[in-house]
Amino acid sequence: MGSEGPSVVTVHVTGFKKFHGVAENPTEKIVTNLKSFMEKRGLPKNLVLGSCTVLETAGQGALGTLHKVLESAIADRENGASAQGQVIWIHFGVNSGGTRFALENQAVNEATFRCPDELGWKPQTVPIVPSDGSISRTRETTLPVIELTKSLRKIGYDVVPSDDAGRFVCNYVYYHSLRFAEQHGIKSLFVHVPLFLTIGEEVQMHFVASLLELLACSN
């Protein structure tokens, strides 16, 4: 048997719409434009860019939509609609006060929203998944956050690993995604980006593309 090269990696991405204090969410634009950007840049042979979905910035009220989106990737794999191989979810969210990119290592089973989400929900110190137990329960990504951070920094991006995705909608979505990933043998990662005023749109698009390419190479 000879070397067959890297196996196929299918990456699905999500971003968010506007929310309180952020009238224009950069992740909405990133996710909306990603397919055309990657087509122009050229996809690695073993990388398949799957669904690109913009989510409502909401927790409990948008949970049904989130699970439909997550399950669509599994349905594609089981139906043979996508090439066999690793399936990765990458969720992008904005940190409006951030000055750099952050790869989130974990999510916490706690919803404490500093303001109501876009559907008016404002939980305080409640478990995201009650059956998982305590609000101190964490779930970690199985992707190599430290190695990915080092590789992205070598390329020239200002990026750090993070163990705190907050307690707002970003953490809420990430916790559900990590739980889903563990149940279905796939992988999940959350990435916080700053506003375009802090790091421009073009740089952010290239950062996302570089991250996807690294995930394809490291598989």
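See the structure above.
From a predicted model like this one, the values you see are computed outputs, not experimental measurements.

(A) Main features of the overall build of the chain. If you tally the helices and strands in the chain, you get five helices and eight strands. Scanning the chain from its N terminus toward the C terminus, one meets helices and strands in the order β-α-β-α-β-β-β-β-α-β-α-β-α. Referenced to the eigenvectors of the C-alpha coordinate spread, the extents of the chain come out at roughly 55 × 40 × 30 Å. Within the chain, the proportion of its 219 residues that are buried is 49%. Within the structure as shown, the chain displays about 10,200 Å² of accessible surface, and the carbon and sulfur contribution to it stands at 50%. Looking at the chain, you have 20 positive and 22 negative side-chain charges, and the mean spots of the two groups are 2 Å apart.

(B) Expanded view of the packing of aromatic side chains. On inspection of all chains with the given rule, the structure shows 10 aromatic pairs. Ring centres of phenylalanine 101 and tyrosine 157 lie 6.4 Å apart, and the angle between their planes is 80 degrees; on these two criteria the pair is classed as edge-to-face. You can see phenylalanine 101 sitting in strand 4 (residues 101-104) and its partner tyrosine 157 sitting in the loop between helix 3 (145-155) and strand 7 (159-162), a full 56 residues away along the chain. Tyrosine 157 carries the same exposure label as phenylalanine 101, and that label is buried. Considering the side-chain rings of tyrosine 174 and phenylalanine 190, the 5.7 Å spacing of their centres and the 50 degrees angle between planes classify their relative orientation as tilted. One end of the pair, tyrosine 174, is in helix 4 (residues 169-184); the other, phenylalanine 190, is in strand 8 (residues 187-193), and 16 residues separate them in sequence. Through a chain of ring-to-ring contacts, three or more aromatic side chains come together here, namely Phe19, Phe113, Trp121, Phe168 and Tyr172. Here the basic side chain of arginine 114 rests over the ring of phenylalanine 168, its NZ or CZ set 5.0 Å away from the ring centre.

(C) Seen up close, the nonpolar core. Membership of the largest hydrophobic core comes to 64 residues, with the highest contact counts inside it found for Ile90, Phe92, Val191 and Phe207. Among residues more than four places away in sequence, those in contact with phenylalanine 207 are Phe101, Leu103, Leu152, Tyr157, Val159 and Val191.

(D) Structural view of the layout of surface pockets. Each pocket or cavity is described by its volume, and for the largest pocket that value is around 320 Å³. Forming the boundary of the largest pocket are 25 residues, of which Val94, Asn95, Ala165, Cys170 and His192 lie nearest the centre. For the lining of the largest pocket, the secondary-structure elements that each account for two or more residues are strand 3 (86-94), strand 4, strand 7 and helix 4. Sorting elements by how many residues they give to the lining of the largest pocket places strand 4 first, with three residues. Of the residues assigned to the lining of the largest pocket, the class counts are 10 nonpolar, 10 polar and five charged. Lining the second largest pocket are Glu24, Asn25, Pro26, Glu28, Lys29, Leu195, Phe196 and Leu197. Counted by class, the lining of the second largest pocket contains four nonpolar, one polar and three charged residues.

About the thresholds
Residue positions are given per chain, counted from 1 along the sequence in the order it is written. In view of the model being predicted, local features appear only for residues whose pLDDT reaches at least 70, and side-chain atom pairs are presented and counted only at 80 or more, with totals across whole chains, interfaces and linings using the full set of residues. The side-chain quantities take in all heavy atoms of the structure and omit both hydrogens and water. Put simply, DSSP marks the helices as runs of H or I at least four residues long and the strands as runs of E at least two long, and each gets a number from the N terminus on. Type-normalised accessible area, obtained with a 1.4 Å probe on protein chains alone, sets the label of each residue: buried when under 20%, exposed when over 50%, and partly exposed for intermediate values. Only the protein chains shown count as cover for residues, with accessible areas throughout obtained via the Shrake-Rupley method and a probe of 1.4 Å. For the purpose of charge, His is not counted, nor are the chain termini; Lys and Arg are scored as positive and Asp and Glu as negative. All charge positions are set by atom: Lys at NZ, Arg at CZ, Asp at CG, Glu at CD. Here a pair means two rings of Phe, Tyr or Trp (six-membered ring of Trp) with centres within 6.5 Å. Their orientation is stacked below 30 degrees between planes, edge-to-face above 60, and tilted elsewhere. Criterion for a charge above a ring: Lys NZ or Arg CZ within 6 Å of the ring centre, and within 35 degrees of the ring normal. Residue types Ala, Val, Leu, Ile, Met, Phe, Trp, Tyr and Cys, when buried and joined through side-chain atoms within 4.5 Å, form a set referred to as a nonpolar core. Note on definitions: a residue-residue contact is assigned when non-hydrogen atoms from the two residues lie within 4.5 Å. Cavities and pockets are found on a 1 Å grid laid over the protein atoms alone: a cavity is a set of points where a 1.4 Å probe fits but cannot escape, a pocket is an open set with protein on both sides within 12 Å along at least five of seven lines, and a lining residue has an atom within 4 Å of such a point. Grid points are joined across faces, edges and corners, and a volume is the space filled by probe spheres set on the points. Here the term charged refers only to Asp, Glu, Lys and Arg, the term nonpolar to Ala, Val, Leu, Ile, Met, Phe, Trp, Tyr, Cys and Pro, and the term polar to all other amino acids, Gly among them.

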